[in-house]
Each structure stands twice: as structure tokens, then as C-alpha cells.
Amino acid sequence: MDQYYKIAGLTVKMDSFGRTVEQATPYSCPPCESPQIVIESNWPEMKAKYPYWPDELGEYMATGASFYKQLLDFGGMMLHSSAVVVDGQAYLFTADSGTGKSTHTKLWLEKFGDRAFILNDDKPALRLEDDGWYAYGTPWSGKHDISVDTRVPLAGIAVVERGEENSIEPFGGITAIHAILKQVNRPKQKEYREKLLELLDKLITQVSVWKLRCNMEPEAAEVSYQAMSGKGRKI
């Protein structure tokens, strides 16, 4: 049965089940005759490739891939990251799984209390709009389903590495592009790959990107916030 959702500012039609529907419920909206995105899961075809995945997980992964591919048609993309909001600004922390993205954003919640919340803990959507870049919560929000259905201006992105001491510095050029490209949904179709690379180039040039080395102690939140918010030094 087709269901309708408002995700990243777009009307989405999706027929799904289980975990995907549960996490999408907060995004439900009235039916629409002309949805902007129509998600048709290809999990049955993917199942042969990933036979060890439960059906609910496979459906969740397949629908997310379909949404984020089509999001490229609307100036948007996914970044595998944990997105925290402080004082109405979104800060994204991206890295390979297990590096400590979620651990780091929890430090921000501890530091800023009611001023902060997690926008999405796994796959926030980013969109380039008329007045700049915005981050959105989405139903594809990780195993703990931490996400908020809202739109927040994007203040910065940090590529996270573990380190003995906390430090942060501006990060750009080809190295930064490669680091972020590892953490995005990369469709196989040439036209979508081209759209992704064009959008990624704009993201790198229009949004402050940082290299964060941190030890996951409370000081790490202070160090990253002071730089990324512009409080500590000029960006």
C-alpha cells in the first residue's frame, strides 16, 4: 500500500514495511497526485547478493539508496554522518563506521544541554537551496533511529579521526573531496554520478570543512565547537 511522506522538503511516495515504515511514520503527510520522489524498493533483486541480511534491514537499505539517488535531482545528497544542532545551526561529523561520530556528538549534547539536539545520527540529507545549504532529518537514521523531522542551516562539516590530543584545522582540496566522497551514496548510473560530483564540489567550496582529531574526552566538543562556530578563530 502506497504511503506518502514529506522528507527533506520533498513529497515522497513509498510502499514499504517493517523498520522502514516505523522510522518514516513521523514524516507522514497526506496523499499527493504528483509526488516528487517515488521509491520502489529493489530489495528482492538485492537479496541474492546479501542473503545474510534480514528482510527488514534489506528493505531499509534499499529504500534509503533509492531516496538518496533521486535526491540528487533536487540539489540534495546524503552524507554518512552524525548531525548535531546547536543554537539553530547544524554541525556534521563524518568518518568510517566505528570511528566515533556518535560518541563525539553526544559530547556536544552533554556540553550544550537544551541548546542542542541530534538532527540525524546516520544519514542526514543535505540540500543546496536558494540561500545556502541545509541539513534535514530523514527516516534513514541508524540502528537507534535518532532523527528529527526539521530543516537546519548547515554550519560546517568535520572529518573525524581518532587522536591522542584534540585538534581541528581547515580541510580542503582533493583530499577533502575524497574523504567526503567515501561517505556518500554513490549511484551506479553515470548521470547521477555526474550530479553527485558537481554537488560535492559546491559543498566543499561553500561550506566550511574541517579535519578533527579527537580523543573523545569532553574537551573535544569545546575544541570542535570553538572552530566550527567561528567563536575561536576566523574561518
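In the block above lies the structure referred to throughout.
Values in this document were obtained by computation on a predicted structure and should not be read as measured data.

Asks: Run through unusual backbone geometry, naming residues and quoting values.
Replies: With a phi close to 55°, Ala 8 is a non-glycine residue in the positive phi region. Phi at Asp 145 takes a positive value of approximately 50°, unusual for a residue other than glycine. Take Asp 145: it is sitting in the loop between strand 9 (132-136) and strand 10 (151-162).

Asks: A description of helix 5 (residues 173-181) should follow, citing residues and the corresponding values.
Replies: The set of residues buried in helix 5 consists of Ala 176, Ile 177, Ala 179 and Ile 180. Along the axis of helix 5, the buried residues cluster in a sector spanning 165°; they form a single face. Along helix 5, exposed side chains directed more than 90 degrees from the buried face belong to Ile 174 and Thr 175. Looking at the packing, one finds that the buried side of helix 5 touches strand 10, helix 6 (190-206) and strand 12 (209-214).

Asks: Report on the layout of surface pockets, specifying residues and quantitative values.
Replies: Taken as a whole, the largest pocket holds about 880 Å³ of empty space. In this structure, the largest pocket is lined by 32 residues; those nearest its centre are Met 46, Met 61, Ala 62, Ala 65 and Asn 185. It is helix 3 (residues 55-71) that provides the largest number of residues to the lining of the largest pocket, a total of 9 residues. For the lining of the largest pocket, the per-class residue count stands at 13 nonpolar, 9 polar and 10 charged. In this model, the second largest pocket occupies a volume close to 280 Å³.

Asks: Can you tell me about the pattern of salt bridges, naming the residues and giving the values?
Replies: Applying the stated criterion across every chain yields a total of 11 salt bridges. Lys 47 is the partner of Asp 55 in a salt bridge, and the nearest nitrogen-oxygen pair spans 3.0 Å. Lys 123 serves as the salt-bridge partner of Asp 122, at 2.7 Å between the closest nitrogen and oxygen. This pair shows no difference in class: Asp 122 is buried, exactly as Lys 123 is. The structure contains a network of salt bridges with shared partners spanning Glu 161, Glu 169, Lys 211 and Arg 213.

Asks: Mind laying out the environment of Val 12, listing which residues take part and the relevant values?
Replies: Along the chain, Val 12 turns up in strand 2 (residues 10-14). Residue classification places Val 12 among the buried residues on the basis of a relative accessible area of 0%. Sequence spacing of Val 12 and Ser 28 is 16 residues, and the spatial spacing of their C-alpha atoms is 9.2 Å. Dropping the residues within four chain positions of it, Val 12 is found in contact with Gln 3, Tyr 4, Tyr 5, Ile 7, Ile 37, Ile 39 and Phe 67.

Conventions and cut-offs
- Position numbers for residues count from 1 along each chain, tracking the sequence in the order it is written.
- Two thresholds apply to this predicted model, a pLDDT of at least 70 for residue-level local features and 80 or more for giving and counting side-chain atom pairs, whereas whole-chain, interface and lining totals are computed over all residues.
- Where side-chain values are given, they derive from all heavy atoms of the structure, hydrogens and water being excluded.
- Elements are defined by DSSP. Helices are runs of H or I of four residues or more, strands are runs of E of two residues or more, and each kind is numbered from the N terminus.
- Accessibility here uses a 1.4 Å probe with only protein chains present; expressed as a share of the type maximum, an area under 20% marks a residue as buried, one over 50% as exposed, and anything in between as partly exposed.
- The arc refers to the directions leading from the helix axis to the C-beta atoms.
- Contact definition: two residues touch when any of their heavy atoms are within 4.5 Å.
- Both cavities and pockets are sets of points on a 1 Å grid over the protein atoms alone; in a cavity a 1.4 Å probe fits but cannot get out, in a pocket the set is open with protein on both sides within 12 Å along at least five of seven lines, and lining residues sit with an atom within 4 Å of a point.
- Grid points are joined across faces, edges and corners, and a volume is the space filled by probe spheres set on the points.
- Under the scheme applied here, ten amino acids are nonpolar (Ala, Val, Leu, Ile, Met, Phe, Trp, Tyr, Cys and Pro), four are charged (Asp, Glu, Lys and Arg), and all others, including Gly, are polar.
- Whenever a carboxyl oxygen of Asp or Glu lies within 4 Å of a side-chain nitrogen of Lys or Arg, that contact is scored as a salt bridge.

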